[in-house]
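Residue-level structure breakdown
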Amino acid sequence: GIAAYVPERQAIKCTRALINGGYFEGALHLLPFLSSMTSNTDSTFNVKEEMQRLQHFENLRKAGLKLYRSADYGPSYKAYSTILNSKKLNNKQYAALIFALRAASLVGLRRPEDALKDCDQSLANRRSMQKARVVRARAYLTLGMHMQAVNDLLSVMKTAPTDTVKRELQRARAAWDNA
């Protein structure tokens, strides 16, 4: 297998880089490979514990996303809050994603002021979290703050010009024009 080609220390280093970057799902693909290695000489990295920790957070994130997509915003908010309130999270990059997801749930719950706080926290943890800017724009629109919404979406268009962002920008501009 691949274990013959990748030294254990390199595999651990790569896995740690994914975890530190907030890419828990990617790290979860590497961890079973690490657990199959025999020595696990790095005593500061317990593969089994790390797998359980990341899987727990990913299961909650996926459950929250499923609930959000079915418009169950309250339970979605609770799933994301459980992650953010966990003392075992210790990862600003991943927390940035979860704050942005929870903010989307808050917009769905018609709590735009709280959504703005979560978006700001997300961006404080990770300036490049474009999802937080899109959700913040939605919260701004709910509050009638059209110029701020358009500015956030224009910022996102520079780095992540998706169809969704284009639609949101058109909606924000139309709301601004009609205000």
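Let me sum up the structure you'll find in this document.

Each value, and the rule that gives it
- Residues numbered from 1 in each chain as written.
- Predicted model: local features only at pLDDT ≥ 70, side-chain atom pairs only at ≥ 80, totals over all residues.
- Heavy atoms only, no water.
- Helix = DSSP H or I, 4+ residues; strand = E, 2+ residues; numbered from the N terminus.
- Buried < 20%, exposed > 50% of the residue type's maximum accessible area, 1.4 Å probe, protein only.
- Contact = heavy atoms within 4.5 Å.
- Areas by Shrake-Rupley, 256 points an atom, 1.4 Å probe, with all protein chains shown as cover.
- Lys, Arg positive; Asp, Glu negative; His and termini not counted.
- Charge placed at Lys NZ, Arg CZ, Asp CG, Glu CD.
- Polar contact = N/O pair within 3.5 Å; in protein donor to acceptor, adjacent residues only side chain to side chain.
- Phe/Tyr/Trp six-rings, centres within 6.5 Å; stacked < 30°, edge-to-face > 60°.
- Lys NZ or Arg CZ within 6 Å of the ring centre and 35° of its normal.

A word on the overall build of the protein. When helices and strands are tallied, the protein shows nine helices and zero strands. Element order for the protein, N to C, with α for helix and β for strand: α-α-α-α-α-α-α-α-α. With the C-alpha coordinates aligned to their principal axes, the bounding extent of the protein is approximately 65 × 30 × 25 Å. Put simply, the protein has 179 residues, and 43% of those count as buried. Contacts in the protein between residues at least 24 apart in sequence constitute 54% of all its contacts with a sequence separation of at least 6. Here the protein has roughly 10200 Å² of accessible surface; of this, 52% comes from carbon and sulfur atoms. Taking the 28 positively charged and 15 negatively charged side chains of the protein as two groups, their mean positions are separated by 1 Å.

Relative to the helices and strands, R136 resides in helix α7 (residues 130-142). Here R136 falls in the buried class, since its relative accessible area comes to 12%. At 3.0 Å, the side chain of R136 forms a polar contact with the side chain of D120. If sequence neighbours within four positions are ignored, R136 has contacts with L116, C119, D120, L123 and D152.

With that settled, consider the packing of aromatic side chains. On inspection of all chains with the given rule, the structure shows four aromatic pairs. Judged by centre distance (3.8 Å) and plane angle (5 degrees), the ring pair of F24 and Y94 falls under stacked. Taken together, the residues span a long stretch of sequence, with F24 in helix α2 (residues 24-36) and Y94 in helix α5 (residues 92-108) at a distance of 70 residues. The burial state of F24 is the same as that of Y94; both residues are buried. For the ring pair F57 and Y94, a centre distance of 6.5 Å and an interplane angle of 45 degrees mean the geometry is tilted. Separated by 37 residues along the polypeptide, F57 in helix α3 (residues 47-69) and Y94 in helix α5 bring together distant segments of the chain. Overall, Y94 belongs to the buried group, its relative accessible area being 1%. Ring-pair connections join several aromatic residues into one group, and the members of that group are F24, F57 and Y94. One Lys or Arg, R111, reaches over the ring of Y77 and ends 5.2 Å from the middle of that ring.

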